[in-house]
Structure formats: C-alpha cells, structure tokens
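Coordinate analysis (summary)
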Amino acid sequence: MDVAAVVQALQAAFPDCDVAARAVSIDDTFVTLPVGALRTAIELLHERFDLYHLSTITGIDTGEAVEILYHFWDRRGLTLRIVLPYDALHVASVTDLIPGAAFYEREIIEMLDVMVEGHPDPRPMLLPDDWDEGAPLRKQTEAV
Amino acid sequence: MTRVTIPIGPQHPLLKEPLSFLLTVEGEEVMESVLRLGYVHRGIERLCQERTYVQNIPLIERVCGICSHVHTTTYCQGVEALSGLEVPPRGLYLRALMCEMERIHSHLLWLGVLSKNMGFDTIFMYAWRDREIVLDIMEELSGGRVSHAVNVVGGVRIDLDEEHARSILTRFDVLEQQVERALELIEYEPTLMARTQGVGILSPEQVRRYCVVGPVARASGVDIDLRRDLPRPPYDRLEFKVITHPAGDVWARTLVRVRETRESLHLCRQIIAQLPDGPTSVTAKRRVPEGEVVSRSEAPRGEVIYYIRSDDSDKPARLKIRTPTMTALITLPDQLRGATMADVPVVLSGVDLCIACADR
C-alpha cells in the first residue's frame, strides 16, 4: 500500500479529515474522519487501493468523547479514526463491507456502550449474561 | 429430516479451553453453528489501565498460555517506540530467538492436539516429546517453560553464553531430525491425509473477507507474514522462507505449520550464529510521554496487534489487544457448514484455537 497516495485520496474525498501528527509511528498513519464519512472511506479503500485487511477496531473513552479506531494493514499500517461525542454514541456498522469486523464491533458495543447501527448480531460476546455493572471500558465504570 | 441442536462446550473433552458451540445438525451434517466466547474473559485490557507499564508485563504475559513471549514482545516494542528507546541489537536478537523457539513449541503442541483429536495418538506422542526439547532450552534460558518473563521495557533480562549456545545447537540437530520425520508422516501417511484433506476449506476470498492471518491464511495461499512484510531487526538480516500452500484445508495447515517449524529452527541457528556483542537492555523511564502507537508482531498463530495510548503518566491510558485467534474463530461457522459431525474435532483443532487469547 502506498500510504501517501491513500492519505491524498482521503483528503481529496473528505476535505475536513485530519492526518494526525501526534502518533508515534512504528508503521501506522492515523487519519481522523468525520463520523458520517466512515463507510464511504472504507469503500474508497476497497475500490481504489484494494485494502481489505482490517486488523482490529479499538474503542477508547478519552474522558471527552469516545474514539473508534479502525486499524488497516497492507504491508503498511493505516488507522482511520472517528470521534463520537457522548450525546451521540452511535456509528454505522461496517460488517457488511468487511465481514471480519463482526466480532470487533460486538466488542465495541458491550465494552463501550456504543450503538453499532445495522450490525447483524449485536449480542454480548465476552461479558457474562447477567453483567449489569456498566460498560467496562468507559471512564465512569469503576474497576473492580 | 429433523434438525437437532447439539451443545458442545463450554466444558467438553474435545476442547482444551472453554468455548461454547451450538451445532444444528440434520443427520450427520452440520447445518449451522453458533459460537459463544467469554468463559475465560479476565478483563485484561481494563486491568492494564489500572497498572503501571512495568506491572503490565507479567499481566500481558498471561494473555496466552502458549505464545506468552510474543505478547510481551509486541507490548514492549510499542512502549519502547512511545518512549523513544532504542533496544541494543543483542537484546533484539535474543527476543527473536525466544520468539522462534516459541513458534516451534506452539506448532508442535498444535500438531499433537490435532493428531489426538483425530485419533492418531502416535504423532501426538512424538510431537509432544519433541516439543520438550525447546521447552527445556527455554527453561534453561529464562527459568520458565511457558511464562518466560524474558522481556523488559528496553530489552531482555536473559543472556546466552557460548557454551550454552553450543549445547543448544546440538539439541537442535535432534529436533530437526524429528521435524523431518513428522513432515514425512504428514506428506505420505494415508490415514492422516484421509482425515484432513478437503476438511475445513477456506478460500483465499474468505481469508480476505474475514481478515484471517497467520498459518491459516498462508495455508489458503495468501502470502502474508509480518516477519517479512514488516521487517524489524533482526528479521531484516535473516534468511527464511514464508511457507504457503494453495489447498486451504486442514492438511495444508498441518503442512504449513510443520514446514514453518523447520524454518524457525533455521532462523534460531542463524540468530545464534550472528548474535551481536554488547548489552541486552537499556534502562527505561517510568513515565511514558503522550502519544499513541500501533505495534504488530507475527505470533505463531499470525498477526498480533497492540494499540497503546500514553498520557505522560506511568500507566497506559488505553491498551487494546487483538490476538490472531479472533480472526480464526469468525471463520468457524463457514468451515463447519456442511461438515459431518466426525469432522468437527478436526475443523476445530485445524485452526489452532487459543480461547484464553481471544477472551483476554
């Protein structure tokens, strides 16, 4: 993957996207996208760059918002980031575009209480059936 | 025909770790399977946020009971990048040596489990006997057979002297002969082939759709290996072949893994021969400057990825772990659909599941 070309294409398609300089890189480039642009961006990666390998999805509660990171890889790393404000914790599912994302999205749902819209099977995956102590990776949930 | 639902697990003689399957069968044929994880979920990601970078190393070592070293390697690699630390070459070589010996031990362990589950106890006995050779070497080097506690942020805490290196090389000769024998069995033994060929097939397209990694992907002809594709010292200076096979069934996975064992032995020899002089580690600071990093390594089961975010304190703000078993689990319903009940143990063993890894 030619990361520079991918970043250029993303910037052309979404002028308000932001290429992060904060990241310390072993190999990854971080691009922050508007929430609504996620699926279009992934389609662009599929069609123009043949980039399919989603390594995983990370969800982070930063204390100010919830960030969702999509880590792609094809000889080089590319991470797409979207930032969800607390009053709108929902994101469109990408499982129909990348079937391998199904488990990672289920983790986001149960660990961060983020609604993944259109997920084919949003049941809890890792937590016990009777878990009621809050989403474990949210700041407000205290560690036991 | 009537459909019957059969629960397998979470406690089941076939499974070495807790995992639950609901198989819907018509006669002998599996129509549908539903998977449930989480029986060994320990909340490691959250626990890591409550501990310091140094305290996290023993915790992360326990993500997996088979490939514990590659997890701490990936973690330390990330923290070192965030802290701007340069690990001395000798440290990197010793890390890689442990990684390759771990791959040998993991692949032989898996070969034993697969053989046992398909009723071929002879290979199981041989594989587990030969695995003891590397386990002994790892124990001599680190003090632990499976949890080695070798990595520290900034390098490794073990060293290797010349006499020990010579003794290790002699034992590698024995192991190499055994691996060749195992390969012969896999390539020519008719019962093994009858049991594994055409079972649990994954096409390259399925590998791509499900983002599968490691030997399972390589056994479907997808040529990926982070040791070559994301070369870091010492792998950029070592010679090895990335083993692939186009068949995509359990037999191909067996062949790929055992051939990889041979390559790993070859790598271990090169590492010992080229081992540079000098210190094995540098001192790390307690606090890690603000930043975020993605760290990847090729574990025995494929790509392990750690995402670490630091906030200029002594504890990570977020640590995400994705183990390769996650990518294999998601393919199981596809692999099991249409299989007969007798093939279920072979399919489940074939992908080399590590449930503790997946649950974290």
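Definitions and limits used
Residues numbered from 1 in each chain as written. Chains lettered and ligands numbered in written order. Predicted model: local features only at pLDDT ≥ 70, side-chain atom pairs only at ≥ 80, totals over all residues. Core = buried A, V, L, I, M, F, W, Y, C linked by C-beta atoms within 7 Å. Buried ≥ 20, exposed ≤ 12 C-beta atoms within 10 Å, placed from the backbone. Helix = DSSP H or I, 4+ residues; strand = E, 2+ residues; numbered from the N terminus. Contact = placed C-beta atoms within 7 Å. pLDDT = per-residue confidence, 0-100. Pairing = 2+ DSSP bridges. Axes fitted to C-alpha atoms, helices over the stretch in contact; angles between N-to-C directions. Nonpolar A, V, L, I, M, F, W, Y, C, P; charged D, E, K, R; others polar. Expected span 1.5 Å × (residues − 1). Parallel < 35°, antiparallel > 145°, perpendicular 65-115°, else oblique. Left-handed = near helix turned anticlockwise from the far one by under 90°.

1. Overview of the nonpolar core
One finds Ile108 of chain A together with Val212 of chain B to be the most contacted residues of the largest nonpolar core, which totals 141 residues. In terms of residue count, the dominant contributor to this core is helix H4 (residues 89-117) of chain B (13 residues). Beyond its immediate sequence surroundings of up to four residues, Ile108 of chain A is in contact with Ile57, Gly59, Ile68, Val114 and Val116 of chain A.

2. What about the confidence of the model for chain A?
Within chain A, residue pLDDT values average 85, and 94% of them lie at 70 or more. Confidence, expressed as mean pLDDT per element, reaches its minimum in chain A at strand S1 (residues 18-19) of chain A with 76 and its maximum at strand S3 (residues 54-61) of chain A with 92.

3. Regarding the sheet that holds strand S2 (residues 28-32) of chain A
Sheet strands associate in pairs through backbone hydrogen bonding, adopting either a parallel or an antiparallel arrangement. All names here are of chain A. Read from one edge of the open sheet, five strands run S1-S2-S5-S4-S3, paired in mixed fashion. Edge positions in the sheet fall to S1 and S3, since each of these pairs with one other strand and no more. Note that S3 and strand S4 (residues 66-73) share seven bridges and pair antiparallel. In the strand pairing of S4, Thr56 is matched with His71. Strands S1, S2 and strand S5 (77-84) of the sheet are contacted by helix H1 (residues 3-13), whose axis makes an angle of about 0° with S2.

4. Re the confidence of the model for chain B
Taken over all residues, the pLDDT of chain B has a mean of 89, while the share at 70 or more is 100%. Taken over the whole predicted complex, pTM reads 0.90, whereas the ipTM for its chain interfaces reads 0.88.

5. Structural notes on the interface of chain B and chain A
Accessible area lost when the parts come together is the quantity often used to give the size of an interface. Of the residues lining the interface, 31 residues belong to chain B; the matching set on chain A comes to 29 residues. Mapped by element, the contributors of at least two residues to the side of chain B that touches chain A are helix H1 (44-49), helix H3 (68-83), helix H8 (204-209), strand S6 (291-299), strand S7 (302-310), strand S8 (316-322) and helix H12 (324-329) of chain B. At five residues, S6 of chain B tops the list of elements feeding residues into the side of chain B that touches chain A. Split by residue class, the side of chain B that touches chain A holds twelve nonpolar, six polar and 13 charged.

6. A closer look at helix H11 (residues 250-274) of chain B
Between the first and last C-alpha of H11 of chain B there are 36 Å, a value that for 25 residues agrees with the 36 Å anticipated at 1.5 Å per step. Counting buried positions along H11 of chain B gives 18 out of 25 residues, so the element sits mostly inside the fold.

7. Comments concerning the pairing of strand S2 (residues 20-26) of chain B
Residues and elements named next belong to chain B. Sheet analysis places strand S1 (residues 3-8) next to S2, joined by six bridges and oriented antiparallel. The residue bridging Arg3 from the neighbouring strand is Glu26, located in S2. As defined by bridge partners, S2 adjoins strand S3 (residues 29-36) across seven bridges and the pair is classed as antiparallel. Within the sheet, the bridge partner assigned to Glu26 lies in S3 and is Glu29. Taken together, S2 and the strand that follows it, S3, pair antiparallel across an intervening segment of two residues, in which Gly27 is found at a positive phi of about 65°.

8. Overview of the sheet that holds S8 of chain B
Residues and elements named next belong to chain B. One open sheet accounts for three strands, arranged S6-S7-S8; its pairing is antiparallel. If you trace the sheet from one side to the other, it starts and ends with S6 and S8, each paired once. The average undirected angle you get between the axes of adjacent strands in this sheet is 15°. Bridge count between S6 and S7: nine bridges; the pairing is antiparallel. Considered in S7, the bridge of Glu298 is made with Glu303.

9. Examining unusual backbone geometry
Residue and element names in this part refer to chain B. Look at the link from Pro233 to Pro234: it is a cis peptide, with omega at 0°. Positive phi outside glycine occurs at Arg360, with the angle close to 50°. Within the fold, Arg360 resides in the segment after helix H15 (355-359). Classification of Arg360 by C-beta neighbours within 10 Å gives buried; the count is 26.

10. Details of the packing of H4 of chain B against H11 of chain B
Residue and element names in this part refer to chain B. Interaxial distance between H4 and H11 falls to 9 Å at its minimum, and their mutual angle equals 155°. The angle between H4 and H11 falls in the class roughly antiparallel. The element H4 and its partner H11 pack so that their crossing is left-handed. Counting all contacts with H4, which are made through Tyr93, Ala96, Leu97, Glu100, Met101, Arg103, Ile104, His107, Leu108, Trp110, Leu111 and Leu114, the residues of H11 involved are Thr254, Arg257, Val258, Glu260, Thr261, Ser264, Leu265, Leu267, Cys268, Ile271 and Ile272. Class assignment of the residues belonging to the contact of H4 with H11 gives a composition of 15 nonpolar, four polar and four charged.

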